[in-house]
Amino acid sequence: MKKKIAIKATSFLGTSPNGAEPFTIDFFCEYLEEFGYEVEIIGSEVIPDKLKRYKSSNYLNYLHLPKIARMFLHIPVSIINVYIYCKRKKPDLIMCVGGVFYNGLSIFIVGKILGIKHLVRTAEDHFNFYKFCSTLRSKIFHFLLNRQISKIVLKNADYVLTTGLKSKEFFVQKGVKEKRIWGIPGKIDSNLFYKKHKPSLERINLSPDKKIILFVGALSGIKGADLLPEIIRKINSNSENFQFLIVGNENEYGSEIKKNIEKNNFANVIFLNSLPRDELIEIYSMCSLLIFLCRVGVGYGQVTIEATLCDLPVLSLNPGIDVEWWLKDKCCDSLDELVSKILSEDYSVANFPASFDEEFIKVEYKKLFNQILN
């Protein structure tokens, strides 16, 4: 009889498989089935079509409720859904891939109560996340709730999985037991991302005579987008040979970042909303350089990997942990160093480490689940 693994997911996974959590869940489902396990996704109300065949029915739904109610019911509903599922279906392992302070908390509590093994997978630095939040309200929330709950879950979970050896070392230093944590990269879609023929730049008003600097990510402080106005200003004051393409959605704070850029009347900046991963291939192929400004250092940054697969150079600013380990000398210590490297065109395509090989990654995951379940 096949052993069953349940993956606790966010209530709203969206309708596209291109987001970080749906993509991660998709490759785990693919790998786990290949390894001979039965897989079910629990807790999601909205889910991409590609993942629906794995979806288990929810016992409580709450996305239809008013926003204020969802704020208070988020964690209780998550715990109740996991508890009822585990009582009825009796999985051999429950795991999560995102949201340690609610998904991770749910499988941690239920796992301890029912004696079911649980694995918390994290790709964020929950200990320092609050420092880079854009508003005081966000800082307080993430310091008092997210940070504290995540610390308890990560330090006491049966098993913890992170994205690399450097982030594994980081979490061990924070109190996670070394014998209970693994560092394995996520799947790298080398067959999807590749350097295409040079696309038409004119359709989005890009000049073929200028270097195109790309930023991909939400317009938020966490992603470092608040540094963009200063970077653009410094480069424009020294050269007219660059254009900037910013791809990402804006929230309330992101609108301020965009306004800050626009009020300077920069004529060489183009904004696009977030794009599916397959459409980003063409964007990467248009550009000369990707700048990665995210300040939370756990994980390699999906966009840095995708860009490199498309032969696009990457420069990063103080990324820390995993990104710093793999990009090495392509990481800058200061904003002035970043600007200087851009102006002098001192950048090149990064080399992938052996640990990014897809077969190596798959073998490591097989070892992990065999060790936990056998």
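Per-chain numbering applies: the sequence of each chain, read as written, is numbered from 1 onward. Where local features are concerned, this predicted model is filtered to residues with pLDDT of at least 70; where side-chain atom pairs are given and counted, the filter is 80 or more; whole-chain, interface and lining totals use all residues. In computing side-chain values, all of the structure's heavy atoms are included and hydrogens and water are not.

Peer 1: In this structure, what is going on with empty space enclosed by the protein? I would like to understand it.
Peer 2: Empty space among the atoms becomes apparent when a probe as large as a water molecule is rolled across them. Points on a 1 Å grid, built from protein atoms alone, make a cavity when a 1.4 Å probe fits but cannot get out and make a pocket when they are open with protein on both sides within 12 Å along at least 5 of 7 lines; residues with an atom within 4 Å of a point are the lining residues. Grid points are joined across faces, edges and corners, and a volume is the space filled by probe spheres set on the points. According to the stated counting rule, one finds 1 cavity of 30 Å³ or more in the structure shown. In this structure, the largest cavity spans a volume of roughly 50 Å³. Every residue lining the largest cavity is listed: K8, S11, G43, E45, N58, L60, Y62, H74, V77, S78 and N81. Helix and strand assignments come from DSSP, with helices taken as H or I runs of at least 4 residues and strands as E runs of at least 2, each series counted from the N terminus. When residues of the lining of the largest cavity are assigned to their parent elements, the largest contribution, 4 residues, is made by helix α2 (residues 67-89). When its residues are assigned to classes, the lining of the largest cavity shows 3 nonpolar, 6 polar and 2 charged. Each residue gets one label: Ala, Val, Leu, Ile, Met, Phe, Trp, Tyr, Cys and Pro are nonpolar, Asp, Glu, Lys and Arg are charged, and the others, such as Gly, are polar.

Peer 1: What's the story with the sheet that holds strand β7 (residues 211-216) in this structure? I'm lost.
Peer 2: Through backbone hydrogen bonds, the strands of a sheet pair up, either in parallel or in antiparallel fashion. Pairing between strands requires that DSSP locate at least two bridges from one strand to the other. The strand order across the open sheet built from 6 strands is β9-β8-β7-β10-β11-β12, with neighbouring strands paired in parallel fashion. The strands lining the two open edges of the sheet, one partner per strand, are β9 (269-272) and β12 (331-332). The sheet contact formed by strand β10 (residues 289-292) and strand β11 (residues 314-317) spans 3 bridges and is parallel. Bridging from a neighbouring strand, I291 pairs with L315 of β11. Two residues qualify as a contact provided that any one of their heavy atoms is within 4.5 Å of a heavy atom in the partner residue. Geometry is summarised by axes, namely lines fitted to C-alpha atoms with helices restricted to the contacting stretch, and by angles between N-to-C directions that run from 0 to 180 degrees. Helix α9 (residues 302-309) rests against β7, β10 and β11 of the sheet, and its axis sits at about 165° to β10. Lying over the sheet, helix α11 (residues 335-343) contacts β7, β8 (242-247), β10, β11 and β12, oriented at roughly 165° with respect to β11.

Peer 1: Got a minute to help me understand the sheet that holds strand β6 (residues 181-183) in this structure?
Peer 2: An order of β2-β1-β3-β4-β5-β6 is seen for the 6 strands of this open sheet, with the pairing classed as parallel. Every other strand in the sheet has two partners, leaving β2 (38-42) and β6 as the edge strands with one partner each. Neighbouring strand axes in the sheet, compared pairwise and without regard to direction, differ in orientation by 20° on average. With 3 bridges connecting them, strand β5 (residues 159-162) and β6 associate as parallel partners. Within β6, the position partnered with T162 by the bridge is G183.

Peer 1: Just to check I follow, could you spell out a nonpolar patch on the surface for this structure?
Peer 2: Patch criteria: residues need more than 30% relative accessible area and no salt bridge. Like-charged residues are merged within 9 Å; nonpolar side chains of Val, Leu, Ile, Met, Phe, Trp and Tyr are merged within 5 Å. Where accessible areas are quoted, they stem from the Shrake-Rupley method and a 1.4 Å probe; at the residue level, only the protein chains shown are allowed to cover. Definition used for salt bridges: Asp or Glu carboxyl oxygen within 4 Å of a side-chain nitrogen of Lys or Arg. Residues I68, M71, F72 and L73 make up a contiguous nonpolar surface patch of about 450 Å² in total accessible area. With respect to the element layout, M71 can be found in helix α2. For the exposure calls, accessible area comes from a 1.4 Å probe over protein chains only, and a residue counts as buried if that area is under 20% of its type's maximum, exposed if over 50%, partly exposed in between. By relative accessible area, which is 59% here, M71 ends up exposed.

Peer 1: I'm lost on α2 in this one. Help?
Peer 2: Since there are 3.6 residues in each turn of an α-helix, residues three or four apart along the chain are aligned in direction. Under the 1.5 Å per step criterion, the end-to-end length of α2 is 31 Å for 23 residues, consistent within 8% with the ideal 33 Å. Fitting axes to the seven residues that end at a residue and to the seven that start at it, the angle between those axes gives the bend at that residue. Of all the bends in α2, the largest measures some 55° and sits at L73, one to four residues before the proline P76. For α2, the full list of buried residues reads I75, V77, S78, N81, V82, Y85 and C86. Looking at the buried residues of α2, the elements they touch are β1 (4-8), β2, β3 (93-96), α3 (100-114) and α4 (136-156). Looking one or two residues past α2, K90 carries a phi angle of roughly 50°, positive in sign. By definition here, a helix of n residues has an expected span of 1.5 Å times n minus one.

Peer 1: What should I look at first to understand the pairing of β11 in this one?
Peer 2: Regular strands place side chains that alternate from one sheet face to the opposite one. Covered by surrounding structure in β11 are V314 and S316 together with L315 and L317, the residues of both alternating faces. Crossovers are marked right-handed if the path from the first strand over the helix to the second runs clockwise, as seen with the strands pointing away from the viewer. Following the chain from β10 across α9 to the adjacent parallel β11, one finds a crossover that is right-handed. Strand direction decides the pairing type here: β11 and β12, joined by 2 bridges, are parallel. Looking at β12, one finds that S316 is bridged to C331. In this fold, the crossover linking β11 to β12 by way of helix α10 (residues 321-327) has right-handed handedness.

Peer 1: Is there a simple way to explain the packing of helix α1 (residues 20-34) against helix α12 (residues 358-373) in this structure?
Peer 2: Orientation of α1 relative to α12, taken along the N-to-C sense of each, is 70°, at an axis distance of 11 Å. Relative to α12, the element α1 lies roughly perpendicular. Pair α1 / α12 crosses with right-handed handedness. Two secondary-structure elements touch here, α1 through F27, F28, Y31, L32 and E34 and α12 through E358, I361, K362, Y365 and F369. In these notes the angle categories are as follows: under 35 degrees is roughly parallel, over 145 is roughly antiparallel, 65 to 115 is roughly perpendicular, and the rest is oblique. Note on convention: near helix rotated counterclockwise from far helix by under a right angle means a left-handed crossing. Clockwise means right-handed.

Peer 1: What should I look at first to understand the state of the cysteines in this one?
Peer 2: By definition, a disulfide links the sulfur atoms of two cysteines through a covalent bond. Two cysteine sulfurs form a disulfide in these notes if their separation is within 2.5 Å. For the structure on display, the rule yields 0 disulfides. Note on C331: no disulfide assigned, nearest cysteine sulfur contributed by C332 at a separation of 7.5 Å. The buried category is assigned to C331, whose relative accessible area is 11%.

Peer 1: Any chance you could explain the nonpolar core here in plain terms?
Peer 2: When a protein is soluble and globular, its nonpolar side chains tend to lie buried together. Each nonpolar core is a collection of buried residues, namely Ala, Val, Leu, Ile, Met, Phe, Trp, Tyr and Cys, held together in the definition by side-chain atoms within 4.5 Å. Counting residues in each nonpolar core, the largest one holds 65 residues, and the members touching the most others are F28, L32, L214, L245, Y284, Y365 and F369. F28 has contacts with I7, M95, V97, R121, L161, Y365 and F369, leaving out every residue within four places of it along the chain. Counting 28 residues, the second-largest nonpolar core is a separate cluster that includes I94, F108, V120 and F170.

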